[in-house]
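Chain by chain, the residues run as shown.
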Amino acid sequence: MSPFPLLALTTAVPAVGAVVTVALPAATTDARRRTAKTVALAFACATLALAAAVAGRFDPGGARYQLTESSPWIKNFGVGFSLGLDGVAAVMVLLTTVLVPLVMLASWHEADPEPLAEAAFGNRRRTQVFFALILAVEAMVVLSFLATDIFLFYVVFEAMLIPVYFLIGGFGDLADDGDGEAAARRSHAALKFLLYNLLGGLVMLAAVIGLYTLSARAGIGSGADGTLDLTTLTGALRDGRLSIDPVVQRVLFLGFFFAFAVKAPLWPLHTWLPGAMGEANAGTAALITAVVDKVGTFAMLRLCLGLFPDASRFFAPAIMVLAVTGIVYGALVAVGQKDIKRLIAYASISHYGFIILGIFAMTPQSQVGASFYMVGHGISTATLMLVAGFLISRRGSRLIAHYGGVQKIAPVLAGTFLIGGLANLSLPGLASFVSEFLVLVGTFTRHPALGAIATLGIVLSALYVLVLYQRTMTGPVQESVAAMADLRARELLVVAPLVVLLIALGVYPKPVTDMVAPAVDATLAEVHRTDPKPFHPLPKTAADVGLLPPSDRQR
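These numbers come from a predicted model, not from an experiment.

This part is about the overall build of the protein. For the protein, the count of helices and strands is 23 helices and 2 strands. Counting all 555 residues of the protein, 57% fall into the buried class. In the protein, once contacts between residues fewer than 6 apart in sequence are set aside, the share between residues at least 24 apart is 80%. As displayed, the protein offers around 20900 Å² of accessible surface, 66% of which is attributable to carbon and sulfur atoms.

This brings us to helix H9 (residues 246-263). Here H9 contains 18 residues, and its C-alpha end-to-end distance of 26 Å stays within 8% of the 26 Å for a straight helix at 1.5 Å per residue. Residues of H9 that are buried include every one of Gln-249, Leu-252, Phe-253, Gly-255, Phe-256, Phe-257, Ala-259, Phe-260, Ala-261, Val-262 and Lys-263, and no others.

For any two helices packed against each other, the geometry is given by the interaxial angle and the distance between the axes. For the pair helix H3 (residues 87-106) and helix H22 (residues 510-526), the least separation of the axes is 6 Å and the interaxial angle reads 140 degrees. In terms of orientation, H3 and H22 fall into the oblique class. On the side of H3, the interface is formed by Gly-87, Val-88, Ala-90 and Val-91, while H22 contributes Val-512, Met-515, Val-516 and Ala-519.

Applying the stated criterion across every chain, the model contains 12 salt bridges. Note that Arg-64 is salt-bridged to Asp-86, the shortest N-O span being 3.6 Å. Within this pair, whereas Arg-64 is found in the loop between helix H2 (30-57) and strand E1 (66-74), its partner Asp-86 is found in the loop between strand E2 (79-85) and H3, the two being separated by 22 residues in sequence. In this structure, the salt-bridge partner of Arg-313 is Asp-310, at a minimum N-O distance of 2.5 Å. Here Arg-313 and its partner Asp-310 are both found in helix H13 (residues 309-335), 3 residues apart, which amounts to about one turn of the helix.

Here we take up the environment of Ala-382. Counting through the fold element by element, Ala-382 comes out in helix H15 (residues 364-395). Setting aside its immediate chain neighbours within four residues, Ala-382 contacts Leu-99, Ala-286, Ala-290, His-377 and Leu-498.

Direction of pairing for E1 relative to E2: antiparallel, over a ladder of 6 bridges. Bridge pairing in E2 places Gln-66 opposite Leu-85. In this antiparallel pair of consecutive strands, E1 and E2, the connection spans 4 residues, and Gly-78 shows a positive phi of 65 degrees.

Under the counting rule described, the total for this entry stands at 21 aromatic pairs. A ring pair is formed by Trp-73 and Phe-151, whose centres lie 5.7 Å apart and whose planes are at 55 degrees; its orientation type is tilted. Taken together, the residues Trp-73 in strand E1 and Phe-151 in helix H5 (residues 150-159) connect sequence positions 78 residues apart. Owing to a relative accessible area of 40%, Trp-73 belongs among the partly exposed residues under this scheme. Classification of Phe-151 as partly exposed rests on a relative accessible area of 22%. Measuring from ring centre to ring centre gives 6.0 Å for Phe-153 and Phe-260, while their planes differ by 80 degrees; the resulting arrangement is edge-to-face. You can see Phe-153 sitting in helix H5 and its partner Phe-260 sitting in helix H9, a full 107 residues away along the chain. Each member of the pair, Phe-153 as well as Phe-260, carries the same accessibility label: buried. Taken together through their ring pairs, the aromatic side chains of Phe-153, Phe-157, Phe-256, Phe-260 and Phe-308 make up a single cluster.

This brings us to the nonpolar core. Core analysis: the biggest nonpolar cluster contains 192 residues, and Phe-256, Phe-260 and Phe-360 have the highest contact counts within it. Looking at which element gives the most residues to this core, the answer is H15, with 16 residues. Those residues in contact with Phe-360 that lie beyond four places of it in its chain are Phe-253, Phe-257, Met-300, Leu-305, Ser-312, Ala-316, Ile-319 and Met-320.

Okay, the environment of Val-100 next. Assignment of secondary structure puts Val-100 in helix H3. Note: C-alpha distance between Val-100 and Ala-286 (186 residues apart in sequence) is 9.5 Å. Excluding anything up to four places from it in sequence, Val-100 contacts Ala-44, Ile-134, Glu-138 and Leu-287.

Let's shift gears to the packing of H13 against helix H14 (residues 340-361). Interaxial distance between H13 and H14 falls to 7 Å at its minimum, and their mutual angle equals 155 degrees. When the interaxial angle is binned, H13 and H14 end up roughly antiparallel. Relative to H14, H13 is oriented so that their crossing is left-handed. Counted by class, the contact of H13 with H14 contains 19 nonpolar, 5 polar and no charged residues.

Conventions we followed
Residues numbered from 1 in each chain as written. Predicted model: local features only at pLDDT ≥ 70, side-chain atom pairs only at ≥ 80, totals over all residues. Heavy atoms only, no water. Helix = DSSP H or I, 4+ residues; strand = E, 2+ residues; numbered from the N terminus. Buried < 20%, exposed > 50% of the residue type's maximum accessible area, 1.4 Å probe, protein only. Contact = heavy atoms within 4.5 Å. Areas by Shrake-Rupley, 256 points an atom, 1.4 Å probe, with all protein chains shown as cover. Expected span 1.5 Å × (residues − 1). Axes fitted to C-alpha atoms, helices over the stretch in contact; angles between N-to-C directions. Parallel < 35°, antiparallel > 145°, perpendicular 65-115°, else oblique. Salt bridge = Lys/Arg side-chain N within 4 Å of Asp/Glu carboxyl O. Pairing = 2+ DSSP bridges. Phe/Tyr/Trp six-rings, centres within 6.5 Å; stacked < 30°, edge-to-face > 60°. Core = buried A, V, L, I, M, F, W, Y, C linked by side-chain atoms within 4.5 Å. Left-handed = near helix turned anticlockwise from the far one by under 90°. Nonpolar A, V, L, I, M, F, W, Y, C, P; charged D, E, K, R; others polar.

Quick look at the structure:
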């Protein structure tokens, strides 16, 4: 038990920041709007500092969960406000807290009042609400990574849908392709996001109730009233105090997994993502795919495998088939996209297939790769999406056909766009290459056929990224982009840290892999999976390995 509630403070600071930001006087002038933005950014930077302190205190050689905190919440049901940090959670908290300030800077003018357009919540507080919603998302995502009480995790898992819904519907992408129906499309995308994820959450709630009932019947928890504490449940499963019938375990697993597969998103439950990313502004789109959706894959690793080991092994082959299908499907559909942001969305569906494949291949290499993939994909997709947002804001269109020759007039913008694209196709030397390599190596050792099919995603990613760059950045300069400005100082401040992280983690991934490896080893122990070693039969005689000449071998 940590004597100082550092984890709780890390989740509380952005939540308090959201309240403070929205409570500031109405932003009726440029000065007041700037104040609201600066206050929100200050809280986001303070959260980053706390997250760095948390990660610095984490010992990879120590206990599975460290800096643990627990306070009673609903005593009658054994529910507590319980937090704990493992290696995967540490890197995901760092990823979230690094990206949020950059998203704020990238979206600095996205929520300024629109004098001729209908603005959500009214123009007077539009700026404050936008930045407060981003802080609210950050607080809930960080809490979901740290929660070790399943009921607490469920509440946060569902609650984060509310601010994301308003970010999509109320502060969407204002780039209009000429049909005048942008507002209707934003509303539809936001509603689809909400309904899909609410359905997943309701299914998960039934599974949570079922799990609590089983723990109560087994007398697990204080006063034998049952518990939803993750560490208590996994401990009871290991020592035999809690035994779940195989059929019941599979049903409960599917209840949890369905919710996480919708959030992730896994094919064929992915259909909400292209619309949400396409209609949201670039900052919100980056936040969704780089941070919010990672809660789904993180929960698969922590909850599905930890709580239902037998069911995880049983369903792993089917899930890997879905993951490989998503890899190829997402990449193929991305190739044919005409909308820049929808292309990035389908590319993300393909990348999430790699993450889920790595999780359920259940080898040390694949799961370390999947954990690292969550970080690498978050940085690379945020880079590509935010630079795409800078590009779209200048031209006012998301359509690829409306661009051409940008590198001749805005070389820095084109260069950073290329780096983001190369990271998405996993170019060696960038962070995403290391993670994708580990996932494929780990998958090949146990499932060579699926690993071979998954490599098609690499070929297709090169196709859609390079075609996107060629059509937008090369060739003759289109008249509509002839006066386009290059990246400004604020935009460079957003992109530069992301590029540095992509290169640094691509060249030296050890800090991340060392941090996540102990958690991966603990997870594999829970599902009773060991590292598959290549089988090399010993030669029977010297002739079997060709040490004798042919004539002697014939004799």
